[in-house]
Amino acid sequence: MSSTPETPEFTDWQQVIDILHQAATEQKDDTLLKLLLTPDERTVLLSRINIFHELLNGERSQRKISELLGVGVATITRGSNELKHHDESTKVWLSELLQQQIAKKAL
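Computed from a prediction, not measured in an experiment: that's the story for all the values here.

Engineer: Help me understand the UniProt feature "DNA-binding region" (unreviewed entry) in the chain in this model?
Structural biologist: As recorded in UniProt, the sites labelled "DNA-binding region" (unreviewed entry) are residues 62–85. For residues 62–85, the end-to-end C-alpha separation is 18 Å, with 83% helix and 0% strand making up the annotated structure.

Here's what the structure looks like:
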C-alpha cells in the first residue's frame, strides 16, 4: 500500500477550458454544460451574462440592473468588480461577443 495521498486527476483551470474547447469542437458543448451545471447554476450563469451585458452597455444603474434581472445589488457589484480586473480590449471583446449573440437572436 502506498502512503501517498490520492489526488484528483483534474486540478487546473486550464484543464476545464480544454475540456470545454474539446466538447465545442465535437459540437457537444451543450451536453457537457448540462452535465456539469444544475438548472439553477445555468440560470445563475445566464444572469451573470445579462449582468455583464448591462454593465458594459452602461445605460442603467446597478440598482436598475438589479431590478431588471431580479438579483441583488451585491450580485451586480460583484460582476462590476470582476470587469474592473480586465483591460479595455477584453471588455470590448466581451461586449461585441454579446452584441453578436443579440443580433443572431433577432434573425
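Engineer: Would you mind showing me how to read a nonpolar patch on the surface here?
Structural biologist: A surface patch of nonpolar side chains, about 290 Å² in accessible area, is lined by Trp13, Val16 and Ile17. Looking at where Val16 falls in the secondary structure, it is placed in helix α1 (residues 13–25). A residue is classified by how much of its surface remains accessible, and Val16, at 31% relative accessible area, is partly exposed.

Engineer: I keep staring at the nonpolar core and nothing clicks. Help me out?
Structural biologist: Here is a general trend for soluble globular proteins: nonpolar side chains tend to be buried in one another's company. Core analysis: the biggest nonpolar cluster contains nine residues, these being Ile51, Phe52, Leu55, Ile65, Val71, Ile76, Leu83, Leu94 and Leu98. Put simply, the parts of the chain that give this core at least two residues each are α3 (39–57), α5 (73–84) and α6 (88–106). Counting residues per element, this core draws most heavily on α3, which supplies three residues.

Engineer: Would you mind going over the packing of α1 against helix α2 (residues 29–36) with me for this structure?
Structural biologist: When two helices pack together, their arrangement is given by the angle between the helix axes and the distance between those axes. Where α1 meets α2, the axes come as close as 7 Å, and the angle between the chain directions of the two elements is 140°. It follows that α1 is oblique to α2 by the angle criterion. In this structure, α1 contributes Ile19, Leu20, Ala23 and Ala24 to the contact, and α2 contributes Asp29, Leu32 and Leu33. Per-class residue counts for the contact of α1 with α2 are six nonpolar, no polar and one charged.

Engineer: Even after reading the chapter, I still don't get α3, so can you show me in this structure?
Structural biologist: Spacing of three or four residues puts side chains on the same side of an α-helix, whose turn is 3.6 residues. Given a rise of 1.5 Å per residue, 19 residues ought to cover 27 Å, and the 27 Å separating the end C-alpha atoms of α3 matches this to within 8%. Listing the buried residues of α3 in full gives Ser47, Ile51, Phe52, His53, Glu54 and Leu55. Close packing links the buried residues of α3 with α4 (62–69), α5 and α6. Phi for Gly58, located one or two positions after α3, is positive at around 75°.

Conventions adopted
Residues numbered from 1 in each chain as written. Predicted model: local features only at pLDDT ≥ 70, side-chain atom pairs only at ≥ 80, totals over all residues. Heavy atoms only, no water. UniProt positions renumbered as here; feature names shortened; annotations may be inferred. Helix = DSSP H or I, 4+ residues; strand = E, 2+ residues; numbered from the N terminus. Patch = residues over 30% accessible without salt bridge, like charges linked within 9 Å, V, L, I, M, F, W, Y side chains within 5 Å. Areas by Shrake-Rupley, 256 points an atom, 1.4 Å probe, with all protein chains shown as cover. Salt bridge = Lys/Arg side-chain N within 4 Å of Asp/Glu carboxyl O. Buried < 20%, exposed > 50% of the residue type's maximum accessible area, 1.4 Å probe, protein only. Core = buried A, V, L, I, M, F, W, Y, C linked by side-chain atoms within 4.5 Å. Axes fitted to C-alpha atoms, helices over the stretch in contact; angles between N-to-C directions. Parallel < 35°, antiparallel > 145°, perpendicular 65-115°, else oblique. Contact = heavy atoms within 4.5 Å. Nonpolar A, V, L, I, M, F, W, Y, C, P; charged D, E, K, R; others polar. Expected span 1.5 Å × (residues − 1).

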